[in-house]
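# Structure assessment
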Amino acid sequence: MSAPFADQLLGWKKLKKNGNPVPNSADSSSTPSKALARAILEHLGVEPEIILPETPKDLGPALERAVQADLEKALPETDPSRTWLIDHKKVVADFAQYAHLGNLKKVVRKNPVLSADLGLDYLIRPDVTVGVKQSSSADETNPFLHAAVSCKWTIRSDRVQNIRHEFLQMIRHRRGRLPHLVTVTAEPMPSRIAAIARGTGEVDAVYHIALAALKEAVEAVGSSQQKDDLAECVSQGRLRPYEELAPTLATW
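My aim in this report is to walk through the structure given alongside it, one point at a time. (Residues numbered from 1 in each chain as written. Predicted model: local features only at pLDDT ≥ 70, side-chain atom pairs only at ≥ 80, totals over all residues. Heavy atoms only, no water.)

### Side note on the sheet that holds strand 8 (residues 239-241)
- Within the open sheet, the 6 strands sit side by side as 3-4-5-6-7-8. Their pairing is mixed. Strands with a single pairing partner mark the edges of an open sheet, and in this sheet they are strand 3 (84-88) and strand 8. The average undirected angle you get between the axes of adjacent strands in this sheet is 25 degrees.
- When strand 4 (residues 128-132) meets strand 5 (residues 144-152), the two strands line up antiparallel, connected through 5 bridges. Looking at strand 5, one finds that G131 is bridged to L145.
- With respect to the sheet, helix 3 (residues 59-78) is in contact with strand 3, strand 4, strand 5 and strand 6 (180-185), its orientation differing from that of strand 3 by roughly 175 degrees.
- Across the face of the sheet, helix 7 (residues 190-197) comes into contact with strand 6, strand 7 (205-208) and strand 8 while running at roughly 145 degrees to strand 7. (Pairing = 2+ DSSP bridges. Helix = DSSP H or I, 4+ residues; strand = E, 2+ residues; numbered from the N terminus. Axes fitted to C-alpha atoms, helices over the stretch in contact; angles between N-to-C directions. Contact = heavy atoms within 4.5 Å.)

### Let's talk about the layout of surface pockets
- By volume, the largest pocket is sized at about 370 Å³.
- When contributions to the lining of the largest pocket are tallied by element, the ones reaching two or more residues are strand 1 (12-14), helix 3 and strand 5.
- Along the lines of polarity and charge, the residues of the lining of the largest pocket split into 8 nonpolar, 4 polar and 10 charged. (1 Å grid on protein atoms, 1.4 Å probe; cavity = no way out; pocket = protein on both sides within 12 Å on 5 of 7 lines; lining within 4 Å. Points joined across faces, edges and corners; volume = space filled by probe spheres on them. Nonpolar A, V, L, I, M, F, W, Y, C, P; charged D, E, K, R; others polar.)

### Structural notes on unusual backbone geometry
- Within the chain, E49 stands out as a residue other than glycine whose phi angle is a positive 60 degrees.
- Mapped onto the secondary structure, E49 falls in the loop between helix 2 (31-44) and helix 3.
- Not every positive phi belongs to a glycine, and K89 is a case in point at roughly 60 degrees.
- Mapped onto the secondary structure, K89 falls in the loop between strand 3 and helix 4 (100-110).

What follows is the structure, encoded as structure tokens:
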């Protein structure tokens, strides 16, 4: 099992320096990363070292759009009783729990001191937002933010800090129930996934688009440390298959 769009995104790419094919989820400077990513492709049945022209070049935005499109289809099917509003890069101030940040933006614009102190933390735009319309009234302007999804094709230290910072601001600034704060990734290295899956609650869970294939890959070619990291994240419920994302959101 894997995300319905996994085989459309996971594949091979050419290295710029020598033109050799490598898995497009791998860190090309890391031998373990390349080995795990290759094993994932093998378990998914992707033809080895064949670069398909339809595979997206810019995989970060492609993952964001794929998650958005999938949730737009899956959530109304899973729970048709609610009006789901799935958006891409929608500012959190457009949602009920963060509507007060829109007023803050107006004040900050008029005060250079506040602007310098607060920066742009109130302008958070998650990659994918899942809103729920709160009533059938035409006057209802602010849906409830049900989930914020940060899509990271791969995990690097700077990306981990960006996720934690954005989600921490959403935790601090909310007025009302916290949305489900999650990450979706294709990262092949459990040690790197653990860098965001572990923590003190900024991220509820990490959903992997090919977790079953990742488990097989780690078992086949992973080091003992990679096996331990994967087992820890899965056993604690911090790393989950992408297929569980829509059902999880629908049962909240």
